[in-house]
Amino acid sequence: MNEQRLGPAAEIASAYKISYHSEKIAAYLKGDRIFPATLELDITSRCTRVCADCPSGRGGEGHNLSVGFVGKLLASLEGQTRGLLLTGGEPTMSPIFPDVLRLARERGFVDVAVVTNGSLLHQERVVEALVSYASTIRLSAYDWDGGVFEEMAPMLGKVEALRRRVDELGSALKIGVSALTSKDRAHVLPALAERVRSAGAHWIYFHPMCTGWGSNDLAQVNQAGVPETLAGYLSLLSRSNGFEAFVSKSRYSSSELKFHGYHAAHFMLVVGADGLNYLAPEVKYHPDHVIADLGNEPSENFLWESPRLEKIRPVSSMNYRALRSRHRGVLYNDLIERIRCDELSAEETGILEGPRKYRFPHIL
């Protein structure tokens, strides 16, 4: 199964998406200072739900960023970092949610994405902020199993209502859904996608379920049958109905990953609701992977301070316990390492040298 998409030739997720920022990669490999392409930010660790083995469960519920902190952080990145990914916790719970989206636009962020469980999409303040300032939302469709979709009905109803609002206002907001995959769920993934399409979402993204979030010993659950099932669905989905489905081949591959230094930490800035900078999304809120404390506000040069760099440099594929998640940062590390060592295949060289077409390219 290739890196695939339906509709116009643009990926939403790919191991090669970081190559859109080829100038940053070139500068990084020369040893120059670079700003991250994406800021992944939690404005609250609170959530409307309590999910088993939640990746953000380590954050507790006691952390909330102030609008002053966020404003200073966005200002420090202005003109250099153009992607903002709001995650959580549940970001729409935060009273500063609308202000953060507005500030991001005022600071020149091009792609503004929100990851949400959708529980508060009935609130006017949330909807108004989304249709006014966000590029896309990604609703997490994780509360279903065994082909039973009744639990998803409330969320899909909110998708329908939001899509009507988007169409009425002519908003540029794109509504997406992310779905976890596993061997047990493989046979019902096409039916899930059709439910999502019928509700009015613009796209769905499939990615592997992982376990071990609490211990940080991450690994994918059995994905047997998933790639084949998704390839069949992708081949049948009409290109003309306005709905897109995405799946990244590299997330499901068993290829060996090698890297010396967590390179992606220079391209993705991950800041928790506790004001701490973490190495990567997959280890957020894990105390062993704090690489900087931003305090009440980030210092002017915190990205390049020696203590932060010294915590990034020793991380390698030989000692990184979250390697088996094949998370996007891990895949980017491997790609950058192979670029640095001139070990790309002819096919990969062609991909990197070809047209760089990606949905929301500043969201890595």
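Read on for an overview of the structure. Note that this is a predicted model, so its numbers are computed, not measured. (Residues numbered from 1 in each chain as written. Predicted model: local features only at pLDDT ≥ 70, side-chain atom pairs only at ≥ 80, totals over all residues. Heavy atoms only, no water.)

## Considering the side chain of Arg-338
Part 1: Mapped onto the elements of the fold, Arg-338 is located in helix α10 (residues 328-340).
Part 2: Take Arg-338: its relative accessible area is 18%, and that puts it in the buried class.
Part 3: Of the polar contacts made by the side chain of Arg-338, one reaches the side chain of Asp-334; its length is 2.9 Å.
Part 4: Other than its neighbours up to four places away in sequence, Arg-338 contacts Glu-343, Leu-344 and Glu-348. (Helix = DSSP H or I, 4+ residues; strand = E, 2+ residues; numbered from the N terminus. Buried < 20%, exposed > 50% of the residue type's maximum accessible area, 1.4 Å probe, protein only. Polar contact = N/O pair within 3.5 Å; in protein donor to acceptor, adjacent residues only side chain to side chain. Contact = heavy atoms within 4.5 Å.)

## Section: the packing of aromatic side chains
Part 1: Per the stated rule, a full pass over the model turns up six aromatic pairs.
Part 2: Taking the centre distance of 6.2 Å and the plane angle of 80° together, the rings of Phe-259 and Tyr-262 count as edge-to-face.
Part 3: Its relative accessible area of 0% is what places Tyr-262 among the buried residues.
Part 4: An aromatic cluster of three or more residues is present, and its members are Phe-259, Tyr-262 and Tyr-320. (Phe/Tyr/Trp six-rings, centres within 6.5 Å; stacked < 30°, edge-to-face > 60°.)

## A look at the pattern of salt bridges
Part 1: Evaluation of the coordinates by the stated rule reveals 17 salt bridges.
Part 2: The closest approach of N and O atoms between Asp-99 and Arg-102, which form a salt bridge, is 3.4 Å. Here Arg-102 and Asp-99 lie together in helix α3 (residues 97-106), a separation of three residues that amounts to about one turn.
Part 3: What makes Asp-99 partly exposed here is its relative accessible area of 28%.
Part 4: Among the salt bridges present, the one from Glu-128 reaches Arg-165, with a minimum N-O distance of 3.4 Å. With Glu-128 in helix α4 (residues 124-133) and Arg-165 in helix α5 (residues 153-169), this residue pair connects regions lying 37 residues apart in the sequence.
Part 5: A cluster of three or more residues bridged by salt bridges with shared partners is formed by Glu-40, Asp-42, Lys-284 and Arg-328. (Salt bridge = Lys/Arg side-chain N within 4 Å of Asp/Glu carboxyl O.)

## A word on the environment of Phe-267
Part 1: Along the polypeptide, Phe-267 turns up in the loop between α8 (249-252) and β11 (268-271).
Part 2: Considering only alpha carbons, one finds Phe-267 and Gly-329, 62 residues apart in sequence, at a separation of 9.1 Å.
Part 3: Setting aside residues no more than four positions away along its own chain, Phe-267 makes contact with Ile-18, Lys-24, Ile-25, Tyr-28, Ile-34, Pro-36, Ala-37, Thr-38, Ile-336 and Leu-364.

## Describing helix α1 (residues 22-30)
Part 1: What α1 keeps buried is the set Lys-24, Ile-25, Ala-27 and Tyr-28. Buried residues along α1 cover an arc of 165° about the axis, so they all sit on one side. Set apart from the buried face of α1 by more than 90 degrees, the exposed residues are Glu-23 and Lys-30.
Part 2: Tucked into the core, α1 has its buried residues touching α10. (Arc of directions from axis to C-beta.)

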